[in-house]
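Listed below, chain by chain, are the residues.
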Amino acid sequence: MKKITSRVLVFVLMTALVSVCMGGDLRKMFYEKSCPNAETIVQSIVWKRVSIKPELAAKLLRMQFHDCFVRGCDASILINSTAGNTAEKDSGANLSLAGYDVLEEIKSALESACPSTVSCADILALASRDAVSFQFKTPLWEVLTGRRDGRVSLASDVRGNLPSPFSNFSTLESSYSKKGLTVHDLVVLSGGHTIGLAHCNTFSPRLYNFTGKGDQDPSLDSKYAATLKGICSPTDTNTTVEMDPQSGTNFDSSYFTSVTQNKGLFVSDAALLTDRGASNIVKELTSQAKFFTEFGQSMKRMTAIGVLTGTAGEIRKACGKIN
């Protein structure tokens, strides 16, 4: 287990100073009176589960991204499909998501402590932060709370809203802009790829059929490409590889170093170098202290996308089912 470094402490202190509330009625310690132990309960369960399965950090972080980019951060990704509706979680792009059981365990504990009080949307925001933070045993960024849960989840909403690993820079920029995020956020949040795994089919066209002529993506480092070819066949849909070839299990800035070396795994990773401004940001974020600070701020902006607050939406009793 990594010890808390001075860079992490600087990151935590700097993000704590960012007090601008992005997301309307979201605020610090929203449950201070209504459910004072809410954040402690979330952290306790998440850290217990991540200590057993470290891969949950990447899975919960990814789930947060997928939720916020479709209908906003309303936990619609958690709603189960019914006989009459195919929900977001069962769309093709979301079939590899995991960690739902962790969130339901948290929800059950919170319902026992404070019935109908803590939203699944806030649980996901807190759990994704705490899962990543377990490595350092201190929260890496501040999570504002007060979200409420959405009542709608449609698989048809996913396509066109969720950024694709096959996207070029202009498509990525447009996707983020539609959500009120900047190019800076786009680059910073791509750093989430520093942890986790990817299936071969999400990047194998770069190895075997980049332009439809049986060719390899010339922008991909040749030695790295050879390594990937040794792992993935052209039709492999089951094998996985680390998204960050240098440290896929550690949350750090090495992803950006890999990108500068033309070792970004996805087309979308390599795309960051095709825009001058984005490329400059990539280089800046090779500094771990810089990355940690910026990631926390961009996560606060992302987790404020389209939030429901006040009397909008509902507080689900179970995250997989609307009331």
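Residues numbered from 1 in each chain as written. Predicted model: local features only at pLDDT ≥ 70, side-chain atom pairs only at ≥ 80, totals over all residues. Heavy atoms only, no water.

Asks: Would you explain the overall build of the protein chain in this entry?
Replies: When its secondary structure is counted, the protein chain shows 13 helices and two strands. In summary, the protein chain has a C-alpha radius of gyration of 19 Å against a globular reference of 20 Å for 323 residues, a match within 12%. Here the C-alpha coordinates of the protein chain stretch approximately 60 × 50 × 35 Å along the principal axes. Buried residues in the protein chain amount to 52% of all 323 residues. Long-range pairs, those at least 24 residues apart, make up 75% of the contacts in the protein chain between residues at least 6 apart in sequence. Side chains of the protein chain carry 35 positive and 31 negative charges; the gap between the two charge centres is 1 Å. (Helix = DSSP H or I, 4+ residues; strand = E, 2+ residues; numbered from the N terminus. Rg over C-alpha atoms; globule rule 2.2 N^0.38 Å. Buried < 20%, exposed > 50% of the residue type's maximum accessible area, 1.4 Å probe, protein only. Contact = heavy atoms within 4.5 Å. Lys, Arg positive; Asp, Glu negative; His and termini not counted. Charge placed at Lys NZ, Arg CZ, Asp CG, Glu CD.)

Asks: Explain helix H9 (residues 222-229) to me, please; I cannot follow it from the model alone.
Replies: Count 3.6 residues to each turn of an α-helix, and residues three or four apart come out pointing the same way. Those residues of H9 lying buried are Tyr224, Ala225 and Leu228. All buried residues of H9 project into a common sector of 100° when viewed along the axis, lining one side. With respect to the buried face of H9, the exposed residues turned more than 90 degrees away are Ser222 and Lys223. Contacts made by the buried residues of H9 are with helix H8 (205-208) and strand S2 (240-242). Here H9 starts with a cap whose side-chain oxygen sits 3.2 Å from the backbone nitrogen of Lys223, and that cap is Asp221. (Arc of directions from axis to C-beta. Polar contact = N/O pair within 3.5 Å; in protein donor to acceptor, adjacent residues only side chain to side chain.)

Asks: What exactly am I supposed to notice about the UniProt feature "domain: Plant heme peroxidase family profile" (unreviewed entry) in the protein chain here?
Replies: According to UniProt, the feature "domain: Plant heme peroxidase family profile" (unreviewed entry) maps to residues 25-323 in the numbering used here. Regarding residues 25-323, the helix share stands at 40% and the strand share at 2%, and the terminal C-alpha atoms are separated by 23 Å. (UniProt positions renumbered as here; feature names shortened; annotations may be inferred.)

Asks: Whenever I open this one, the nonpolar core confuses me. Can you help?
Replies: What tends to happen in soluble globular proteins is that the nonpolar side chains get buried as a cluster. By size, the foremost hydrophobic cluster in this structure holds 77 residues, and its most contacted members are Leu78, Leu103, Ile106, Leu110, Phe251, Phe295 and Met302. If one sorts the elements of this core by residue count, helix H5 (residues 120-133) sits on top with nine residues. Other than its neighbours up to four places away in sequence, Leu78 contacts Met63, Lys89, Tyr100, Leu103, Cys120, Arg316, Cys319 and Gly320. Counting 13 residues, the second largest nonpolar core, distinct from the first, contains Ala198, Cys200, Leu220 and Met243. (Core = buried A, V, L, I, M, F, W, Y, C linked by side-chain atoms within 4.5 Å.)

Asks: I tried to follow unusual backbone geometry on my own but got confused; where do I start?
Replies: In terms of backbone geometry, most residues other than glycine have negative phi values and most peptide bonds are trans. The backbone phi angle of Met29 is positive, close to 50°, even though this residue is not glycine. Relative to the helices and strands, Met29 resides in the loop between helix H1 (6-16) and helix H2 (38-52). If you check the backbone angles, Ala75 has positive phi at about 60° while not being a glycine. Note on placement: Ala75 falls in the loop between helix H3 (56-68) and helix H4 (100-113).

Asks: I tried to follow the state of the cysteines on my own but got confused; where do I start?
Replies: A covalent bond between the sulfur atoms of two cysteines is what we call a disulfide. On inspection of all chains with the given rule, the structure shows four disulfides. Between the sulfur atoms of Cys35 and its disulfide mate Cys114 the distance is 2.1 Å. In this structure the cystine formed by Cys35 and Cys114 twists about its S-S bond by roughly 80°; its chirality is therefore right-handed. One end of the pair, Cys35, is in the loop between H1 and H2; the other, Cys114, is in the loop between H4 and H5, and 79 residues separate them in sequence. (Disulfide = S-S within 2.5 Å.)

Asks: Help me out: how do you make sense of the packing of aromatic side chains in this one?
Replies: Counted under the stated rule, the structure contains twelve aromatic pairs. Each ring, one from Trp47 and one from Phe134, has its centre 6.0 Å from the other, and the planes form 70°; the classification is edge-to-face. Taken together, the positions of Trp47 in helix H2 and Phe134 in the loop between H5 and helix H6 (169-178) put the pair 87 residues apart, joining distant regions of the chain. Assigned by exposure class, Trp47 and Phe134 land together as buried. Ring centres of Phe251 and Phe295 lie 5.2 Å apart, and the angle between their planes is 65°; on these two criteria the pair is classed as edge-to-face. Pair noted here: Phe251 is in the loop between S2 and helix H10 (254-260) and Phe295 is in helix H13 (residues 288-302), with a separation of 44 residues, a long-range link. One exposure class covers both Phe251 and Phe295, and it is buried. Feature note: the residues Phe136, Trp141, Phe251, Tyr255, Phe256, Phe291, Phe292 and Phe295 constitute an aromatic cluster, connected by ring pairs. The lysine or arginine in question, Lys89, covers the ring of Tyr100, its NZ or CZ lying 4.0 Å from the ring centre. (Phe/Tyr/Trp six-rings, centres within 6.5 Å; stacked < 30°, edge-to-face > 60°. Lys NZ or Arg CZ within 6 Å of the ring centre and 35° of its normal.)

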